[in-house]
Amino acid sequence: GAGVSQSPSNKVTEKGKDVELRCDPISGHTALYWYRQSLGQGLEFLIYFQGNSAPDKSGLPSDRFSAERTGGSVSTLTIQRTQQEDSAVYLCASSLVQAETQYFGPGTRLLVL
Amino acid sequence: AQSVTQPDIHITVSEGASLELRCNYSYGATPYLFWYVQSPGQGLQLLLKYFSGDTLVQGIKGFEAEFKRSQSSFNLRKPSVHWSDAAEYFCAVGVQTGANNLFFGTGTRLTVIP
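An account of the accompanying structure is given in this report. (Residues numbered from 1 in each chain as written. Chains lettered and ligands numbered in written order. Predicted model: local features only at pLDDT ≥ 70, side-chain atom pairs only at ≥ 80, totals over all residues. Heavy atoms only, no water.)

## Quick notes on the side chain of B:Ser73
Applicable threshold: The way it works is that DSSP assigns letters per residue, a run of H or I at least four long becomes a helix, a run of E at least two long becomes a strand, and they are numbered from the N terminus. Residue contacts follow a heavy-atom distance rule, with two residues in contact if any of their heavy atoms lie within 4.5 Å.
Considering the arrangement of structural elements, one finds B:Ser73 in strand β9 (residues 73–78). Excluding residues that lie within four positions of it along the chain, B:Ser73 makes contacts with B:Cys23, B:Asn24, B:Tyr25, B:Glu66, B:Phe67 and B:Lys68.

Shown next as structure tokens:
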């Protein structure tokens, strides 16, 4: 595809449920990033992948958050036992290599009721 | 630690007027600097970037930004604003170690009045 795609575009879930957010980066981009955009917190970095490896997971806000990337392409961000404070827009970005320009997807809007 | 400050939360300008959005950063090394724009319900679109070289960089949609090392600033400018420029603008600094992730400012919302 031409750009980074994310699905679903919107997700409403109940507190305590698990959710999976998907990111499909630009073809050939080796680096993939997840960010969260929430009111009062701005844009915060969550995790990045170089290939299928995530060398630094310290940005994940709690152990309920996890992410994986397979085949050096698609990535999934999973939030277990969702809480209302998880409500936010989750943005994915990819870059050709690390330290290069990041291109963002449209985001997934998550609402936890 | 890295940080980005956008001191103006909201700016209103008339269509056709000039625009300057301020951005100050804190970073220990030569930064990679970016401006992104976000329209309502959309993701982030790259306007321009500075990695090295000429400190005045040109971007899309008629925007430009100037890197001033002495002031730790990377202000975004446009000589004549169009109604379609109404959006939220984010300045970001790219970390050159580890994850090479971006640190964002809190954004400036631009309103354009006819």
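## Brief notes about the pairing of strand β8 (residues 88–95) of chain A
Residues and elements named next belong to chain A. Heads up, the condition is: Relative accessibility decides the category of a residue: with a 1.4 Å probe and only protein chains considered, values under 20% of the type maximum give buried, values over 50% give exposed, and everything between is partly exposed. Strands pair, by our definition, only if DSSP identifies at least two bridges between them.
Among the 8 residues of β8, 8 are classified as buried, and the element is accordingly described as predominantly covered. Side-chain alternation along β8 places Ala88, Tyr90, Cys92 and Ser94 on one buried face and Val89, Leu91, Ala93 and Ser95 on a second face that is also buried. Of the strand pairs in this sheet, strand β4 (residues 31–38) and β8 are connected by 7 bridges, and their pairing is antiparallel. What sits directly across from glutamine 37, in β8, is valine 89.

## Looking at the interface of chain A and chain B
As a reminder, the rule being used: Two parts placed together each lose some accessible area under a 1.4 Å probe, and the buried area is that loss summed for both. Any Lys or Arg side-chain nitrogen found within 4 Å of a carboxyl oxygen on Asp or Glu counts as a salt bridge. Nitrogen and oxygen atoms within 3.5 Å of one another constitute a polar contact, given that in protein one can donate a hydrogen and the other can accept it, and given that sequence-neighbouring residues count only through two side-chain atoms. In the scheme used here, Gly and all other residues not listed as nonpolar or charged are polar, with Ala, Val, Leu, Ile, Met, Phe, Trp, Tyr, Cys and Pro taken as nonpolar and Asp, Glu, Lys and Arg as charged.
In this assembly, 16 residues from chain A lie in contact with 18 residues from chain B. Around 1500 Å² of area is buried between chain A and chain B when both sides are counted, 57% of it from carbon and sulfur atoms. Counting across the chain A and chain B interface gives 0 salt bridges. Linking chain A with chain B are 4 residue pairs in polar contact (both at pLDDT 80 or more), by the criterion used here. Grouping the amino acids of the side of chain A that touches chain B by side-chain chemistry returns 9 nonpolar, 5 polar and 2 charged.

## Topic: the environment of B:Pro114
You can see B:Pro114 is positioned in the segment after β12 (108–113). With 75 residues separating them along the chain, B:Pro114 and B:Ser39 place their C-alpha atoms 18 Å apart.

## Description of empty space enclosed by the protein
Rule in force here: Any residue with an atom within 4 Å of a point lines the site, the site being either a cavity, points on a 1 Å grid over the protein atoms alone where a 1.4 Å probe fits but cannot get out, or a pocket, an open set with protein on both sides within 12 Å along at least 5 of 7 lines. Grid points are joined across faces, edges and corners, and a volume is the space filled by probe spheres set on the points.
All chains considered together, the criterion is met by 1 cavity of 30 Å³ or more. As a volume, the largest cavity reaches approximately 40 Å³. Surrounding the largest cavity, A:Ala99, A:Glu100, A:Gln102, B:Tyr32, B:Phe34, B:Gly94, B:Val95, B:Asn100 and B:Leu102 form its lining. Class assignment for the residues of the lining of the largest cavity results in 5 nonpolar, 3 polar and 1 charged.

## Some remarks on the side chain of A:Thr78
Residue and element names in this part refer to chain A. Within the element layout of this structure, threonine 78 appears in strand β7 (residues 75–79). Its relative accessible area of 17% is what places threonine 78 among the buried residues. When neighbours within four sequence positions are excluded, threonine 78 is seen to be in contact with Val19, Glu20, Arg64, Phe65 and Ser66.

## Observations regarding the state of the cysteines
What is meant by a disulfide is a covalent connection between two cysteines, made through their sulfur atoms. To be explicit about the condition: For this text, the term disulfide refers to a pair of cysteine sulfurs within 2.5 Å.
If you walk through the whole model with that rule in mind, you get 2 disulfides over all chains. Each disulfide pairs two cysteine sulfurs, and for A:Cys23 the partner residue is A:Cys92, the sulfurs being separated by 1.8 Å. Across the S-S bond of A:Cys23 and A:Cys92 the torsion is about -65 degrees, and the bridge reads as left-handed. Remark: A:Cys92 occurs in strand β8 and A:Cys23 occurs in strand β3 (residues 19–24); sequence separation between them is 69 residues. Residues A:Cys23 and A:Cys92 agree in their burial class; the two are buried. Covalently, B:Cys23 is tied to B:Cys91 through a disulfide, its sulfur atoms 1.9 Å apart.

## Some remarks on the sheet that holds strand β1 (residues 5–7) of chain A
Residue and element names in this part refer to chain A. So the rule is basically this: For helices, the axis comes from a line fit to the C-alpha atoms of the stretch in contact; other axes are also lines fit to C-alpha atoms, and the angle between any two N-to-C directions lies between 0 and 180 degrees.
Across the sheet, which stays open at both edges, the 4 strands sit in the order β1-β3-β7-β6 with antiparallel pairing between neighbours. Lying at the two open borders of the sheet, with one neighbouring strand each, are β1 and β6 (65–69). Shown here is a sheet whose adjacent strand axes are inclined to one another by a mean of 15 degrees, direction ignored. Both β6 and β7 contribute to a ladder of 5 bridges, which runs antiparallel. By the bridge assignment for β7, glutamate 68 is matched with threonine 76.

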